[in-house]
Amino acid sequence: TFTPNAFVDDIVAELKEKIKDDKVVLGLSGGVDSTVAAVLLNKAIGKNLYCIFVNNGLLRKNEFQNVLKQYEGMGLNVKGVDASSRFISELAGESDPEGKRKIIGRVFIEVFDDEANQIEDVKWLAQGTIYPDVIESISVKGPSATIKSHHNVGGLPDFMKLQIVEPLRMLFKDEVRRVGAALGIHADLLGRHPFPGPGLAIRILGDITPEKVSILQEVDSIYIEGLKKAGLYDKVWQAGAILLPINSVGVMGDERTYEKVVALRAVESTDGMTADWVHLPYDFLMNISNEIINKVKGVNRVVYDISSKPPATIEWE
Ligand code: XMP
């Protein structure tokens, strides 16, 4: 049987032995895996671990600031890099889902490479790869799910010439969470829903504009906070809102409106490969729909996604 404390002791000793006084760079995403990997490495090598957390402008509302603060509170040596405007301007005009993923992947690598190059004499690249990623080593997802899937366009970025260290590569997700708990990582960080690397870009159907990003951030935030307040967040494997590329007619007072439609999605799953839509209570859906339409300017209609995977994927793009 797996015992988190024994794992921590063993892997910390192993990391010390392997890395010695070398410097290590690691990309934090706000997700469970990269966070647990960082805390383990921090325990083993302390300030020689250089964490980089990139804001691609497609994160949840206030996520960058909040998560960065949490990381600093955990004693990690982390640099927050706000590259939002660069991502958003490179994405302008692109409406193809794979095209958006490619741009985000490329810009992430460029930003990360610039940052890694500023760390003098860095020898290792740490990744939060877990066992299922190792098995599924060729990612069909593209971007940031794993940095490795970007060996494409001519010549490797400099940081990819580093030696790789992956402290979680033998662990399943539930084991990673247990290790995280043993390391004292906050339960709300360990219990976060999965969130895709390309972020809100694949939940804004069609092209991305700053205005669409902020509408979706507001909607998503009302939805996720609502799930938490109703005690439903931990009962759902993943939830999010999708901004549709169409307007629909509504009425507000005696005015006709012609505004955006958003879809809400919540799924039950164990690994994301298959998923069932969650039967959220009608009262909850009613209240959330009212709150979204009342509070978010530009949205006059909310629909709920009742499709399971397969055939529908969890994300809409
Ligand atoms: P789908 O939409 O394929 O999603 O049913 C399954 C799980 O994978 C996440 N996902 C992604 N994660 N980069 C990521 O890092 C991506 O491009 C990507 N696309 C989907 C999705 O959020 C779900 O948890």
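From a predicted model like this one, the values you see are computed outputs, not experimental measurements.

*Asks:* Whenever I open this one, the domain arrangement of the chain confuses me. Can you help?
*Replies:* Interface extent is often summarised as the accessible area lost during association of the parts. Here the chain is partitioned into domain 1 (4-190) and domain 2 (203-304). Of note, the centres of domain 1 and domain 2, computed from C-alpha atoms alone, are 29 Å apart. Looking at the side of domain 1 that touches domain 2, its residues break down into 4 nonpolar, 3 polar and 3 charged.

*Asks:* Looking at this model, I keep getting lost on the UniProt feature "binding site: ATP" (unreviewed entry) in the chain. Mind explaining?
*Replies:* Under the local residue numbering, the UniProt record ascribes the feature "binding site: ATP" (unreviewed entry) to Ser29, Gly30, Gly31, Val32, Asp33, Ser34 and Thr35. Tracing the chain through its elements places Ser34 in helix α2 (residues 32-45). Each residue touching Ser34, except ones within four places of it in the same chain, is listed here: Leu26, Gly27, Leu28, Ser29 and Gly128. Mapping Thr35 onto the fold places it in helix α2.

*Asks:* Whenever I open this one, the pairing of strand β6 (residues 238-252) confuses me. Can you help?
*Replies:* Side-chain direction in a regular strand flips from residue to residue, so the side chains alternate between the two faces of the sheet. Pairing of β6 with strand β7 (residues 255-268) involves 12 bridges; the strand directions are antiparallel. Within the sheet, the bridge partner assigned to Gly250 lies in β7 and is Thr257. The loop that links β6 with its antiparallel partner β7 comprises 2 residues; one of these, Gly253, has a positive phi angle of about 65°.

*Asks:* Just checking my understanding: could you explain unusual backbone geometry for this structure?
*Replies:* The general pattern is negative phi for most residues beyond glycine and trans for most peptide bonds. Following Lys309, the chain continues into Pro310 via a peptide bond in cis, with omega recorded as -10°. A cis amide bond, omega 5°, links Pro310 with the succeeding residue Pro311. With respect to the helices and strands, Pro311 occurs in the segment after β9 (299-304). One non-glycine residue, Lys20, lies in the positive phi region at around 50°. One can find Lys20 in the loop between α1 (4-19) and β1 (23-28).

Thresholds applied
Residues numbered from 1 in each chain as written. Predicted model: local features only at pLDDT ≥ 70, side-chain atom pairs only at ≥ 80, totals over all residues. Domains from an automatic or database assignment. Nonpolar A, V, L, I, M, F, W, Y, C, P; charged D, E, K, R; others polar. UniProt positions renumbered as here; feature names shortened; annotations may be inferred. Helix = DSSP H or I, 4+ residues; strand = E, 2+ residues; numbered from the N terminus. Contact = placed C-beta atoms within 7 Å. Pairing = 2+ DSSP bridges.

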